[in-house]
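The chain contents come next:
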Amino acid sequence: MWNLENKKAIVTGGTKGIGKAAVIEFLKLGAEVLFTARNETEVRSLENELKKKGYKVHGLTADSSKKEDNQNMVDWVSSNWGKLDILVNNAGINIRKQASDYSEEEFRKVLEINLIAPFEISRILHPFLKESGNASIINVASSAAIQDVGTGTPYAMSKSGLLQQSRSLAVEWAQDGIRVNSVSPWFTKTPLTEGYLHNDKKMNSILKRTPLNRVAEAEEISAIISFLAMDKSSFITGQNIVADGGMSINAL
Ligand SMILES: NC(=O)c1ccc[n+]([C@@H]2O[C@H](COP(=O)([O-])OP(=O)(O)OC[C@H]3O[C@@H](n4cnc5c(N)ncnc54)[C@H](OP(=O)(O)O)[C@@H]3O)[C@@H](O)[C@H]2O)c1
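Because the structure is a prediction, the values reported are computed rather than measured.

> Even after reading the chapter, I still don't get the overall build of the protein, so can you show me in this structure?
Per the secondary structure count, the protein includes 8 helices and 9 strands. Taking 252 residues into account, the globule formula puts the C-alpha radius of gyration at 18 Å, and the protein, at 17 Å, falls close to it. Overall, the protein is about 50 × 40 × 35 Å in size when its C-alpha atoms are taken along their principal axes. Partitioning the intrachain contacts of the protein with sequence separation of at least 6 by distance along the chain shows that 73% fall at a separation of at least 24. Looking at the protein as shown, the accessible area adds up to about 12200 Å², and 51% of this sits on carbon and sulfur atoms. Taking the average location of the 30 positive side-chain charges in the protein and that of its 29 negative ones, the two points are 3 Å from each other.

Below you can see the structure in the form of structure tokens.
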């Protein structure tokens, strides 16, 4: 069971960072993967690169916060697979500001993509996950879901909401053979955090708080996502696995 052979998996936000690492690891573990992202050129380029390596991989240009794009994803699953074993709600964004400085459009966008979209996508794919009879949803949350880590309030709200979304769906859908868990990374080297981590002052304050004295690689997060996707984690549901190099247990 230390593999994903014969599994059909969707990863949202699969062209970069943690999502891309999950796509590649799933493929190496034997899954067939459909990944999404908004940038068409990047979707096609990654799909071609991975197809050339012989993987069963499909890219779909889709914005997870758009109803019609999500319907396209459902139609794709319906006509190609008829079931779904793994759903990774990974697509996420941040707009980092002081609370009073957000426009309504800005904070609603963060909540739409990070919190509402995973709920909508999980719901519309529920019949296919149920059809699997042995499915796993993994929601990518954040350390910001549990502590204030200076990300801005809407991002923190969206990720803490996502943790409870995972717990509540885990209970509701256990009878359908669907497990639902979260992974909460601390700072991880990806395009999302590139600018922030290049700021020496910010990087030093992160390292000071982190006993392992470094930030994570995307592959260290995709390893946890892969474990939660596997049947090896079959008795784990409604949980949040924190990957933070010891940050949250470091009081001084
Ligand atoms: N990196 C960190 O330190 C860190 C820490 C904690 C949690 N996280 C969480 O981990 C997840 C991945 O983060 P990351 O750092 O890998 O981000 P990233 O490097 O910015 O990559 C995000 C991916 O999601 C896609 N995406 C963004 N919005 C989308 C949307 N509305 N619909 C579909 N795809 C979308 C992006 O492609 P397009 O732009 O082309 O759509 C890209 O492929 C996020 O949920 C983030 O909140 C990251």
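> How should the site of the ligand be read in this particular structure?
Taken together, 30 residues lie around the ligand, and Thr15, Arg38, Tyr155, Thr188 and Thr190 are the ones closest in. Note that an oxygen atom of the ligand is positioned 2.7 Å from one of the side-chain N or O atoms of Thr15. Ile18 has a polar backbone atom sitting 2.8 Å from an oxygen atom of the ligand. Contact with the protein chains covers 95% of the free accessible surface of the ligand, which is 880 Å². Looking at the shell around the ligand, the elements with two or more residues in it are α1 (17–28) and α5 (153–173).

> Just to check I follow, could you spell out the packing of α1 against helix α8 (residues 218–229) for this structure?
Between two packed helices, both the angle of their axes relative to each other and the distance between the axes serve to describe the pair. Two elements in contact, α1 and α8, have axes separated by 8 Å at closest approach and are oriented at 55 degrees. As summarised for this structure, α1 and α8 are arranged oblique, according to the angle between their axes. Here α1 and α8 pass one another in a crossing that is right-handed. Of α8, the residues touching α1 (which contributes Gly17, Ile18, Ala21, Ala22, Glu25 and Phe26) are Ala218, Glu219, Ile221, Ser222, Ala223, Ile225, Ser226 and Ala229. Grouping the amino acids of the contact of α1 with α8 by side-chain chemistry returns 9 nonpolar, 3 polar and 2 charged.

> Teacher, can you tell me more about the pattern of salt bridges here?
Where charged atoms of side chains with opposite charge meet at close range, the side chains can pair. The final tally for this structure, using the stated rule, is 14 salt bridges. Put simply, Arg44 and Glu47 hold a salt bridge, and the shortest N to O gap is 3.1 Å. With Arg44 and Glu47 both in helix α2 (residues 40–52) and 3 residues apart, this pair spans about one turn of that helix. Linking Arg108 and Glu104 is a salt bridge whose minimum nitrogen-to-oxygen distance equals 2.7 Å.

What counts and what doesn't
Residues numbered from 1 in each chain as written. Predicted model: local features only at pLDDT ≥ 70, side-chain atom pairs only at ≥ 80, totals over all residues. Heavy atoms only, no water. Helix = DSSP H or I, 4+ residues; strand = E, 2+ residues; numbered from the N terminus. Rg over C-alpha atoms; globule rule 2.2 N^0.38 Å. Contact = heavy atoms within 4.5 Å. Areas by Shrake-Rupley, 256 points an atom, 1.4 Å probe, with all protein chains shown as cover. Lys, Arg positive; Asp, Glu negative; His and termini not counted. Charge placed at Lys NZ, Arg CZ, Asp CG, Glu CD. Near = heavy atom within 4 Å. Polar contact = N/O pair within 3.5 Å; in protein donor to acceptor, adjacent residues only side chain to side chain. Axes fitted to C-alpha atoms, helices over the stretch in contact; angles between N-to-C directions. Parallel < 35°, antiparallel > 145°, perpendicular 65-115°, else oblique. Left-handed = near helix turned anticlockwise from the far one by under 90°. Nonpolar A, V, L, I, M, F, W, Y, C, P; charged D, E, K, R; others polar. Salt bridge = Lys/Arg side-chain N within 4 Å of Asp/Glu carboxyl O.

That is the geometry; function is a separate question.
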